[in-house]
Amino acid sequence: MVATVAASRAISLFTSSPFPVFITKLRSAPSLRFSFAVGPISLSSRRARFMATLAQAALGLTQPSAVDHPKISFEAKLIDVTEWKGDILAVGVTEKDLTKDENSKFQNSILKKLDAHLGGLLAEASSEEDFTGKTGQSLVLRLPGLGSKRVGLIGLGKSASSIAAFRGLGEGVAAAAKTAQAHSVAILLASEEGLAAVSKLNTASAIVSGTVLGIYEDIRYKSESKKPVLKSVDILGLGTGPEFEKKLKYAEHVSSAIIFGKELVNSPANVLTPAALAAEASKIASLYSDVISANILTAEQCKELKMGSYLGVAAASANPPHFIHLCYKPPGGAVKAKLALVGKGLTFDSGGYNIKTGPGCSIELMKFDMGGSAAVLGAAKAIGQIKPQGVEVHFIVAACENMISGTGMRPGDIVTASNGKTIEVNNTDAEGRLTLADALVYACNQGVEKIVDLATLTGACVIALGPSIAGVFTPSDDLAKEVFEASDISGEKFWRMPLEESYWESMKSGVADMVNTGGRPGGSITAALFLKQFVDEKVQWMHIDMAGPVWNDKKRAATGFGISTLVEWVLKNSS
């Protein structure tokens, strides 16, 4: 059905001279003979752009609404909790914090102090409501006796020792603020024992991130929506001073970048075309033009660079490919490290001739097949705001669609990557690695020392690690250590997988250098081994398969996965 519509649309656009026509008058008869040049139709770039514009306009007439995200001011304070004035005073509590004595009174000093000002009603209500402090539990009460209108208890579980727990605290506070339509909130921990100075900074950062992301809702494609009214959040008891203010501002920058990444992934393919993704990348360069430059390559320029693997994937779509290259250079000082972040940028993946069919194929979710590019461009946005010294970063995305048409790549075709290696395409639905092949070669040619690529690459990785953990493949122990240390701060989950070289046997072709897919066993490993063929041996390289954590099935929305870890990793490499 899709192919039929596309074909009829193409015919209507070509009513004026569909082929080069030559008119010859015959000597033997007064009639005219029409001869058609047989070969591929060559469109001007203007006609190609016109086709893409028409195709986009015909698909639903949908454009995202311009939404101003709520601006929340965050401030670190050291004041008496009973004197704070505002809408909600929220306390993060563990199960241990809720321990009561023989008189049913809190033993925790902060809870005991609050309860005394509330006439014992907080302890009484927590018992009556069976609030035990488990993760995800919350209790918000409107009680007289404090400067705040409401007091809330947010459960942190058995212990509050992880970034995820503190981000969850922020999310819980955001949910309570939405329900109460609160304008001002204060957040504190019932217990701070065991939190070192650095831990307090990271804890505050996680709370800010959780609050911002918890308040956020993508309403760009909804005709009616309720906007949050939260304006200010005070972080109490964890510390104050320039370092704290800097860390809170950092958390706001990263959270803003995560929201940007979420919105890219959430956008449907009829809105976020390769051209639209390139335009978003160009906007980042315009916003931070003092440190970021943009170079968007056309299909013709990619052809000159011999990117046959990437262009083979893009060949079937009416929307032309756009190869995105942003470059961050620090505002001053020497560059001590050169890095590249490479993201898979399939704005839609139909599977091509190996079309996605049947239950579980998730073709309706294949707008998220550009999740790797969203992570890379989100990181670029954050880096442009933070402006780290001593590090140069290249952000690279080979953006295109994997569609079906008469000009498309077929199973059995052989494509040639920009490093000269030939690939027999035995499955057109293993297209992401074909685009990444040329992107990785391009990244190596920028003179970088380390590359991290991110891609929603294989269902096999989801089967292995589930929906919330990304698979990490790298031959470099040093690079693995750096990225895992960054993930400890970001709170995102990664698991290192083996690069089993013996599995490469299944990737050999009888007629080309390699095929693009092996057998079903170890599918995520053979995919990583494929990518490895396009990386210079002198470059430290890591592949992150984020097919699971890119999307939250429960919320039916993107997660923004990878952005905070990438930013932390770049900062680790800065001076």
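All of these numbers come straight from a predicted model, not from anything done at the bench.

**Student:** Looking at this structure, how should I read the sheet that holds strand 18 (residues 514-515)?
**Tutor:** Sheet strands pair via backbone hydrogen bonds, and the direction of the pair is either parallel or antiparallel. Spatial ordering of the open sheet is given by 13-14-18, a layout of three strands whose pairing is mixed. One side of each edge strand has no neighbouring strand; the edge strands of this open sheet are strand 13 (414-416) and strand 18. Where strand 14 (residues 422-424) meets strand 18, two bridges bridge the pair, whose relative direction is parallel. Paired with Ile423 across the strands is Met514, a residue of strand 18.

**Student:** Before we go on, may I ask you to explain the pairing of strand 11 (residues 337-349) in this structure?
**Tutor:** In summary, the side chains of a regular strand alternate between the two faces of the sheet. Among the 13 residues of strand 11, twelve are classified as buried, and the element is accordingly described as predominantly covered. By the bridge criterion, twelve bridges tie strand 11 to strand 12 (residues 391-402) in an arrangement that is parallel. Looking at strand 12, one finds that Leu341 is bridged to Phe395. In the classification by handedness, the crossover that spans strand 11, the intervening helix 11 (residues 371-386) and the parallel strand 12 is right-handed. Pairing geometry for strand 11 and strand 15 (residues 450-455), over five bridges, is parallel. Among the inter-strand pairings, Val342 is bridged to a residue of strand 15, identified as Asp453.

**Student:** Which parts of the structure should I look at to understand the sheet that holds strand 3 (residues 73-77)?
**Tutor:** Taken in spatial order, the six strands line up as 3-8-7-4-6-5 in an open sheet, and their pairing is mixed. Across the chains shown, the open sheet's two edge strands, defined by having one partner strand only, are strand 3 and strand 5 (138-141). Along the sheet, successive strands turn relative to each other by an average axial angle of 20°, direction set aside. The pairing of strand 5 with strand 6 (residues 148-155) spans four bridges and is antiparallel. Residue pairing across strands places Ser138 opposite Ile154, the latter belonging to strand 6. Here helix 3 (residues 109-117) sits on the sheet and contacts strand 4 (86-93), strand 6 and strand 7 (184-189); the angle it forms with strand 4, its principal contact strand, is near 145°. Relative to strand 5, helix 4 (residues 121-128) is tilted by about 135°, and along the sheet it contacts strand 5 and strand 6.

**Student:** Sorry if this is basic, but what is going on with the environment of Ala399 here?
**Tutor:** Considering the arrangement of structural elements, one finds Ala399 in strand 12. For the pair formed by Ala399 and Ser373, sequence separation is 26 residues and the distance between their alpha carbons is 8.2 Å. The residues touching Ala399, leaving out its near neighbours within four places in the chain, are Pro274, Leu277, Tyr310, Pro321, His322, Ile324 and Gly345.

**Student:** Looking at this structure, how should I read a negative patch on the surface?
**Tutor:** Taken together, the side chains of Glu124, Glu128, Glu129 and Asp130 make up a negatively charged region of the molecular surface. Positionally, Glu124 belongs in helix 4.

**Student:** Where do I start with the nonpolar core in this structure?
**Tutor:** A general feature of soluble globular proteins is that nonpolar side chains tend to end up buried together. Counting residues in hydrophobic clusters, the biggest one holds 98 residues, and the most contacted among them are Leu277, Leu326, Leu341, Phe395, Val452 and Trp569. With eleven residues, helix 7 (residues 242-266) is the largest single contributor of residues to this core. Once you skip the residues sitting within four places of it in the chain, Leu277 turns out to touch Leu264, Leu272, Ile324, Thr347, Met370, Ser373, Leu377, Val397 and Ala399.

**Student:** How do you make sense of the packing of helix 7 against helix 11 when you look at a structure like this?
**Tutor:** Two quantities define a packed helix pair, namely the angle between the axes and the distance from one axis to the other. In the contact formed by helix 7 and helix 11, the axes pass within 8 Å of each other and the chain directions differ by 150°. Considered as vectors, helix 7 and helix 11 are oriented roughly antiparallel to each other. Where helix 7 crosses over helix 11, the handedness of that crossing is right-handed. Together, Tyr250, His253, Val254, Ser256, Ala257, Phe260, Gly261, Leu264 and Val265 of helix 7 and Gly371, Ala374, Leu377, Gly378, Lys381, Ala382, Gln385 and Ile386 of helix 11 make up the contact between the two elements. Of the residues belonging to the contact of helix 7 with helix 11, the class tally is ten nonpolar, six polar and one charged.

**Student:** Would you mind going over the pattern of salt bridges with me for this structure?
**Tutor:** Side-chain pairs of opposite charge can arise where the charged atoms are in close proximity. Applying the stated criterion across every chain, the model contains 20 salt bridges. The closest approach of N and O atoms between Lys222 and Glu217, which form a salt bridge, is 3.2 Å. Given a relative accessible area of 45%, Lys222 falls into the partly exposed group. Among the salt bridges present, the one from Lys481 reaches Glu485, with a minimum N-O distance of 2.7 Å. With Lys481 and Glu485 both in helix 14 (residues 477-490) and four residues apart, this pair spans about one turn of that helix. Of the residues examined, Lys481 reaches a relative accessible area of 52% and is grouped as exposed. Connected via shared salt-bridge partners are Asp218, Arg220 and Glu263.

Calculation criteria
- Residues numbered from 1 in each chain as written.
- Predicted model: local features only at pLDDT ≥ 70, side-chain atom pairs only at ≥ 80, totals over all residues.
- Heavy atoms only, no water.
- Pairing = 2+ DSSP bridges.
- Helix = DSSP H or I, 4+ residues; strand = E, 2+ residues; numbered from the N terminus.
- Buried < 20%, exposed > 50% of the residue type's maximum accessible area, 1.4 Å probe, protein only.
- Right-handed = clockwise from strand over helix to strand, strands pointing away.
- Axes fitted to C-alpha atoms, helices over the stretch in contact; angles between N-to-C directions.
- Contact = heavy atoms within 4.5 Å.
- Patch = residues over 30% accessible without salt bridge, like charges linked within 9 Å, V, L, I, M, F, W, Y side chains within 5 Å.
- Areas by Shrake-Rupley, 256 points an atom, 1.4 Å probe, with all protein chains shown as cover.
- Salt bridge = Lys/Arg side-chain N within 4 Å of Asp/Glu carboxyl O.
- Lys, Arg positive; Asp, Glu negative; His and termini not counted.
- Charge placed at Lys NZ, Arg CZ, Asp CG, Glu CD.
- Core = buried A, V, L, I, M, F, W, Y, C linked by side-chain atoms within 4.5 Å.
- Parallel < 35°, antiparallel > 145°, perpendicular 65-115°, else oblique.
- Left-handed = near helix turned anticlockwise from the far one by under 90°.
- Nonpolar A, V, L, I, M, F, W, Y, C, P; charged D, E, K, R; others polar.

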